[in-house]
Amino acid sequence: MGTFHHGKHELHGITVVVDTDGPDLFVGRCDDILDDRVVLRDVDVHRDGAHELSRAAYLERAAQWGVFKTHERLVLDRARVTSIRRLGEL
Amino acid sequence: MMYSPLMVNPMREELVAAGFLELTTEHEVAGWPGKAEGTALLVINSVCGCAAGMARPGVRAALNEGGDGPDHLATVFAGVDREATAAARALMPQVPPSSPSMALFKDGELVHFVPRHRIEGRTAEDVAQDLRAAFAEHCA
């Protein structure tokens, strides 16, 4: 159930986990999903090998508490996105 | 984003009518007994349509069920009462800011938290069940 803002993707306003074909995993509020890009707000990033927590531990913590945002807004290349999941369903 | 108080009054009233004390200043949060004693539910209210629209009815349904419930009920409104919201969030610094959200305290300790992403896409009854389970565990 999204917010049904006109012209936005159905995940608009929903907190999502965006996986990519690289080391980065993003958790943030979906603003829109377009053919060529994914726009997120209030985002945190987990980078394999550079974070204090493993990806699994990071996701477990995020699912329980949420994340502290480190970016107000990020635009991701849709071609590099491998999955988009609702954080609330992890 | 800051919202007009006039716009959010009906959203405030949904919780006030259910017995919640509105905390609109840092001073009021500091003086709220629930932050230190007994069991206390603090709801961070918000305008967000996708989640808050289920959060408020969910909270009300959980409290209307009867049975064990918190000793204290209070709410702050994110995006409107900025000072009070910051003070409320300072009671649980380990938790990322999230609105709407719900925090259950026992003798000043955070014992259960429902972040926004656990409300998004769920029904009011789902939210109520989550809270009822927390009340049964911590407020008995």
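The sections below set out a description of the structure shown in this document. (Residues numbered from 1 in each chain as written. Chains lettered and ligands numbered in written order. Predicted model: local features only at pLDDT ≥ 70, side-chain atom pairs only at ≥ 80, totals over all residues.)

1. Considerations on the overall build of chain A
Move 1: From N to C terminus, chain A includes 1 helix and 5 strands.
Move 2: Beginning at the N terminus, the succession of helices and strands in chain A can be written as β-β-β-α-β-β.
Move 3: Scaling as 2.2 N^0.38, a compact globule of 90 residues should have a C-alpha radius of gyration of about 12 Å, and chain A matches this with 12 Å.
Move 4: Across the 90 residues of chain A, 33% fall into the buried class.
Move 5: Put simply, of all contacts in chain A between residues at least 6 apart along the chain, 55% involve residues at least 24 apart. (Helix = DSSP H or I, 4+ residues; strand = E, 2+ residues; numbered from the N terminus. Rg over C-alpha atoms; globule rule 2.2 N^0.38 Å. Buried ≥ 20, exposed ≤ 12 C-beta atoms within 10 Å, placed from the backbone. Contact = placed C-beta atoms within 7 Å.)

2. Notes on helix H1 (residues 55-65) of chain A
Residues and elements named next belong to chain A.
Move 1: Along H1, the residues that are buried comprise Tyr58, Leu59 and Ala62. Buried residues in H1, looked at end-on, bunch into an arc of 95°, giving them a common side. Along H1, the residues that are exposed and aim more than 90 degrees away from the buried face are Ala56, Ala57 and Gln64.
Move 2: Contact partners of the buried residues in H1: strand S1 (15-20), strand S2 (24-33) and strand S3 (37-47).
Move 3: Among the residues trailing H1, Gly66 stands out with phi positive, at a value near 95°. (Arc of directions from axis to C-beta.)

3. Topic: the sheet that holds strand S3 (residues 72-77) of chain B
Residue and element names in this part refer to chain B.
Move 1: With mixed pairing, 5 strands are arranged side by side in an open sheet as S1-S3-S2-S4-S5. The open sheet has two free edges, formed respectively by strand S1 (21-22) and strand S5 (109-114), since each of these has just one partner strand.
Move 2: Sheet analysis places strand S2 (residues 39-45) next to strand S4 (residues 101-106), joined by 6 bridges and oriented antiparallel. Residue Ile44 lies in a different strand from S4, and its bridge partner there is Ser101. (Pairing = 2+ DSSP bridges.)

4. Focus: the interface of chain B and chain A
It is common to give the size of an interface as the accessible area lost on bringing the parts into contact.
Move 1: With 13 residues of chain B at the contact, the number on the chain A side is 13 residues.
Move 2: Taken together, the residues that form the side of chain B that touches chain A break down as 6 nonpolar, 4 polar and 3 charged. (Nonpolar A, V, L, I, M, F, W, Y, C, P; charged D, E, K, R; others polar.)

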